[in-house]
Amino acid sequence: MPRRLLITGGSGGIGGATVRAFAALGDIVAFTYHSHGEQAEKIARETGALPIRCDLRVSSDIRLATERVQSLMHGIDVLICCAGNSQYGVVDELSEKAWDELFQIHVKSAFLLSKAFLPSLRKRRGSILMISSIWGQTGASCEAAYSAAKAALIGLTKALAKEEAPLVRVNCIAPGVVQTAMLDRFSSDEKHALAHQIPLERFADAREIADAAVFLCSESSAYITGQTLGVNGGLYI
């Protein structure tokens, strides 16, 4: 029987790969996007998934998106919080507004969506998956807000897993360096040097993160909850 999923950030690199991976299994997928409408429509055409425009910085947008999913899908089996952005620069150059917006997108939206869908997730014995980052585990210079927000998702995962067991499993993925648009700010030389710091000597493909998501939301991981899976090529062990 197909599951019903909501995936945030479904027009991004990791999010798009995750939408495609679950749709390929025959699941019914809705996904949020914000500014990449053309890419969202392309993914929707390819997969049959339902695109929902939502600015995760705005709580009322999240509420409207939640109501639409509830109306069309009558609850979900899986929630995947994948949306994210980054702010690059030292702390004393980071504005309070940028800090707040980043936490709204990464953390508050995950809280609001989890809270909204917990009744149906409990009923269906479903699962929640947070997409954090290696920088949420180790911290990254010049990405303090991003590191802090991703660390918060790991904490939220652990707390929710304890609260919602045994009805809802809650897990987290901490990707390492993934070949997505977030790498565009680096030069070829910088990317080459970064790749050679990774024991597997390459960046992850977004599909490899999606494959981990499929596993953590499947019956194959039925005894796993409250865990953070590092998919980082050995960069952090």
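This text follows the structure it describes.
Residues numbered from 1 in each chain as written. Predicted model: local features only at pLDDT ≥ 70, side-chain atom pairs only at ≥ 80, totals over all residues. Heavy atoms only, no water.

**Q** Mind showing me how you'd approach the overall build of the protein here?
**A** When helices and strands are counted, the protein shows eight helices and seven strands. Against the compact-globule benchmark of 18 Å for 237 residues, the protein has a radius of gyration of 17 Å, which places it among compact chains. Taken along its principal axes, the extent of the C-alpha atoms in the protein is 50 × 35 × 35 Å. Considering only residue pairs separated by 6 or more positions, the protein has 69% of its internal contacts joining residues 24 or more positions apart. Looking at the protein as shown, the accessible area adds up to about 11,600 Å², and 53% of this sits on carbon and sulfur atoms. (Helix = DSSP H or I, 4+ residues; strand = E, 2+ residues; numbered from the N terminus. Rg over C-alpha atoms; globule rule 2.2 N^0.38 Å. Contact = heavy atoms within 4.5 Å. Areas by Shrake-Rupley, 256 points an atom, 1.4 Å probe, with all protein chains shown as cover.)

**Q** Explanation requested: the pattern of salt bridges in the structure shown.
**A** Pairs can form between side chains of opposite charge whenever their charged atoms are close. Across all of its chains, the model carries nine salt bridges by this definition. Its salt-bridge partner being Arg3, residue Asp27 comes within 2.8 Å of it at the nearest N-O pair. Taken together, the residues Asp27 in the loop between α1 (13–24) and β2 (28–33) and Arg3 in the segment before β1 (4–7) connect sequence positions 24 residues apart. Exposure remark for Asp27: the relative accessible area of 11% places this residue in the buried category. Here Arg20 and Glu46 are joined by a salt bridge, their closest N and O atoms 2.8 Å apart. Remark: Glu46 occurs in helix α2 (residues 37–47) and Arg20 occurs in helix α1; sequence separation between them is 26 residues. Salt bridges linked by common partners bring Arg20, Lys42 and Glu46 together as one network. (Salt bridge = Lys/Arg side-chain N within 4 Å of Asp/Glu carboxyl O. Buried < 20%, exposed > 50% of the residue type's maximum accessible area, 1.4 Å probe, protein only.)

**Q** Just checking my understanding: could you explain the pairing of strand β4 (residues 78–81) for this structure?
**A** A regular strand carries its side chains on alternate faces of the sheet. In β4, alternate side chains face the same way, and those of Val78 and Ile80 on one face and Leu79 and Cys81 on the other are all buried. Of the strand pairs in this sheet, β4 and strand β5 (residues 127–131) are connected by four bridges, and their pairing is parallel. Bridged to Leu79 within β5 is Ile128. Assessed by its sense of winding, the connection that carries the chain from β4 through helix α4 (residues 96–124) to β5 is right-handed. (Pairing = 2+ DSSP bridges. Right-handed = clockwise from strand over helix to strand, strands pointing away.)

**Q** So what exactly am I meant to see when it comes to the packing of aromatic side chains here?
**A** One pair of aromatic rings is described through two measures. These are the centre distance and the angle between the planes. For the structure on display, the rule yields one aromatic pair. With 5.1 Å between their ring centres and 20 degrees between their planes, Trp99 and Phe103 make a pair best called stacked. Highlighted residues: Trp99 and Phe103, both in helix α4, separated by four residues, approximately one helical turn. When its relative accessible area of 33% is taken as the criterion, Trp99 is described as partly exposed. Owing to a relative accessible area of 21%, Phe103 belongs among the partly exposed residues under this scheme. (Phe/Tyr/Trp six-rings, centres within 6.5 Å; stacked < 30°, edge-to-face > 60°.)

**Q** Quick question: what am I supposed to make of the environment of Thr180 here?
**A** Positionally, Thr180 belongs in the loop between β6 (169–175) and α7 (188–195). The buried category is assigned to Thr180, whose relative accessible area is 17%. Separated by 43 residues in the primary sequence, Thr180 and Tyr223 have C-alpha atoms spaced 31 Å apart. In this structure Thr180 touches Gly13 and Ile14, once residues within four positions along its chain are discounted.

**Q** Would you take a moment to explain the nonpolar core for this structure?
**A** Core analysis: the biggest nonpolar cluster contains 30 residues, and Ile7, Phe22, Phe31, Ile80, Leu129 and Ile173 have the highest contact counts within it. Only β1, α1, β2, α2, β4, β5 and α8 (206–216) provide two or more residues apiece to this core. When residues of this core are assigned to their parent elements, the largest contribution, seven residues, is made by α8. Ignoring anything within four residues of it in the chain, the contact list for Ile173 reads Leu129, Met130, Ile131, Ser132, Ser133, Ile209, Ala212, Ala213, Leu216, Leu229 and Val231. Counting 27 residues, the second largest nonpolar core, distinct from the first, contains Ile52, Ala110, Ile154 and Val170. (Core = buried A, V, L, I, M, F, W, Y, C linked by side-chain atoms within 4.5 Å.)

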